[in-house]
Amino acid sequence: LVGPSLLKEELKLSQQDSLRPKSFDDFVGQSELKKVLEISVKASLKRGEALDHLMLYGPPGLGKTTMALVIAEELGVKARVTSAPALERPRDIVGLLINIQPRELIFVDEIHRLNRISQELLYPAMEDRRLDLTVGKGTSSRMRSIEIPPFTLVGATTKPAALSSPMRDRFGITQRLDFYNYLDLENIIKRSAKLINLVISEEASQQLAKRCRGTPRIANRLIRRVRDYAEVYSHSKKIDVEVVNDALDLHRVDQRGLDATDRSYIGLLVNQYQGGPVGLETLAAGLGEDSTTLETVVEPYLMQIGFLHRTSRGRVVTPAAKKHYLLTSPNNIDK
Ligand code: ATP
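Residues numbered from 1 in each chain as written. Predicted model: local features only at pLDDT ≥ 70, side-chain atom pairs only at ≥ 80, totals over all residues. Heavy atoms only, no water.

Novice: Explain the packing of aromatic side chains here, please?
Specialist: Each aromatic ring pair is characterised by the separation of its centres together with the angle its planes make. With the rule as written, the count across this model stands at two aromatic pairs. A centroid spacing of 5.7 Å and a plane angle of 75° characterise the contact between Phe 179 and Tyr 301, whose relative ring orientation is edge-to-face. One end of the pair, Phe 179, is in the loop between strand E7 (173–176) and helix H7 (182–195); the other, Tyr 301, is in helix H13 (residues 291–304), with 122 residues separating them in the sequence. Its relative accessible area of 14% is what places Phe 179 among the buried residues. Exposure remark for Tyr 301: the relative accessible area of 4% places this residue in the buried category. Positioned above the aromatic ring of Tyr 123, the side-chain terminus of Arg 170 is 4.3 Å from the ring centre. (Phe/Tyr/Trp six-rings, centres within 6.5 Å; stacked < 30°, edge-to-face > 60°. Helix = DSSP H or I, 4+ residues; strand = E, 2+ residues; numbered from the N terminus. Buried < 20%, exposed > 50% of the residue type's maximum accessible area, 1.4 Å probe, protein only. Lys NZ or Arg CZ within 6 Å of the ring centre and 35° of its normal.)

Novice: Would you mind going over the nonpolar core with me for this structure?
Specialist: What tends to happen in soluble globular proteins is that the nonpolar side chains get buried as a cluster. If you look at the biggest cluster of nonpolar residues, it comprises 70 residues, and the most contacted ones within it are Leu 37, Met 67, Ile 71, Leu 208, Ile 239, Tyr 265 and Ile 266. The dominant element in this core, judged by the number of residues it contributes, is helix H9 (residues 216–233), at seven residues. Apart from residues no more than four positions distant in its own chain, Ile 71 is found in contact with Phe 24, Leu 37, Val 41, Leu 51, Leu 54 and Leu 105. Judged by nonpolar contacts, the second largest core, of 25 residues, contains Met 55, Ile 100, Tyr 123 and Leu 163. (Core = buried A, V, L, I, M, F, W, Y, C linked by side-chain atoms within 4.5 Å. Contact = heavy atoms within 4.5 Å.)

Novice: Quick question: what am I supposed to make of H7 here?
Specialist: Residues separated by three or four positions in an α-helix point in the same direction, a consequence of the helix having 3.6 residues per turn. Helix length check: H7 (14 residues) gives 20 Å between terminal C-alpha atoms against 20 Å at 1.5 Å per residue, within 8%. Within the span of H7, buried status applies to Asp 184, Leu 185, Glu 186, Ile 188, Ile 189, Arg 191, Ser 192 and Ala 193. Tucked into the core, H7 has its buried residues touching strand E8 (199–200), helix H8 (202–210) and H9. Between the side-chain oxygen of the N-cap and the backbone nitrogen of Leu 183 there are 3.2 Å, and the N-cap of H7 in question is Asn 181. (Expected span 1.5 Å × (residues − 1). Polar contact = N/O pair within 3.5 Å; in protein donor to acceptor, adjacent residues only side chain to side chain.)

Novice: I tried to follow the site of the ligand on my own but got confused; where do I start?
Specialist: For the ligand, the set of nearby residues contains 19 residues, the closest of which are Asp 17, Val 28, Lys 64, Thr 65 and Thr 66. Within the side chain of Arg 20, a nitrogen or oxygen atom sits 3.2 Å from an oxygen atom of the ligand. Asp 109 is positioned with one of its side-chain polar atoms (N or O) 3.2 Å from an oxygen atom of the ligand. Within the complex, the protein chains bury 93% of what would otherwise be the 630 Å² of accessible surface of the ligand. (Near = heavy atom within 4 Å. Areas by Shrake-Rupley, 256 points an atom, 1.4 Å probe, with all protein chains shown as cover.)

Novice: Is there a simple way to think about the environment of Asp 254 in this case?
Specialist: Considering the arrangement of structural elements, one finds Asp 254 in the loop between helix H10 (241–250) and helix H11 (260–273). Separated by 43 residues in sequence, Asp 254 and Arg 211 place their C-alpha atoms 7.0 Å apart. The residues contacting Asp 254, other than those within four sequence positions of it, are Arg 211, Arg 263, His 324 and Thr 328. Only 2.8 Å separates the side chain of Asp 254 from the backbone nitrogen of Arg 256, close enough to count as a polar contact.

Novice: Would you mind going over the sheet that holds strand E6 (residues 152–157) with me for this structure?
Specialist: The strand order E2-E3-E6-E1-E7 describes an open sheet built from five strands, whose pairing is parallel. At either end of the open sheet lies a strand with only one pairing partner, and these are strand E2 (79–83) and E7. Each strand of the sheet is rotated relative to its neighbour by a mean of 15°, with strand direction disregarded. When strand E1 (residues 54–57) meets E7, the two strands line up parallel, connected through four bridges. Paired with Tyr 57 across the bridge in E7 is Arg 176. (Pairing = 2+ DSSP bridges. Axes fitted to C-alpha atoms, helices over the stretch in contact; angles between N-to-C directions.)

In structure tokens:
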């Protein structure tokens, strides 16, 4: 429930997500990022040019897609949304670029996963507005260049280090999205509650804000689960803090927003390795989890709340993490 990736049921909804902010004003938090982008958008509108290519990076569910759609809206252009796995063949890239209209925006999620051929097709398109195509086969094949209109590529990634350096260099603007603070999350929760006609107390939204791992996608998901719970168990129309606590306890989301995977992760380090340091692959094998998931999904939040350090010798949990683990899972601790 507190995984930041899209759930299957949400995947269908994500394109027509009614909770997605549509403008810079609607987009809560990330003030520095918003400031930088608002200036660039205003300047490119003034010049009548396409916005520079933009790379957004940060953990999943923080609003990279949302920000790309906001930018398109603010620029008054269409956004084409796709992701690297859908651009595996050269013809996928050609299909995407061949009909592009001037100043339009292309959003490519998980851009670090683009294969080399697709990346090489994108380089001249991004830099010189040129599509280099190979026409014909064998000895009669030749290169043809097609000019394309100026456009903006917005690439999103959870793993900026995995991006090839020629690709990284072609982005004029690079911005990071951070986990949201409690106040911003509270505002996101209040905004979403209003949009789905849910009345929620101040205290209840504060409690929800603490339990959604600094991530708007999780905040929106928890609101829906709390609404379900309230519809069945609560007599009042207003969501109060007891309903939030009961609903989230039922889903085993603890007071800091940690779920079973986080607790197993900390438990393994505490119980079997005296808190660390332990290598990522060892932890992944011990938990039966994929190391990339641990690295990009589980660990960033644990580091953010001061529960984990990544050191050159491996992962180490902090005393705060041990204390929290002891309090929330007293039966699982050795001592
Ligand atoms: P991924 O990398 O997994 O695709 P993402 O970073 O692109 O994730 P989004 O899909 O943009 O995340 O956002 C997830 C959800 O959170 C959206 O449904 C959106 O409604 C909400 N959301 C994101 N950012 C904000 C924000 N700043 N204010 C309000 N709601 C937000």
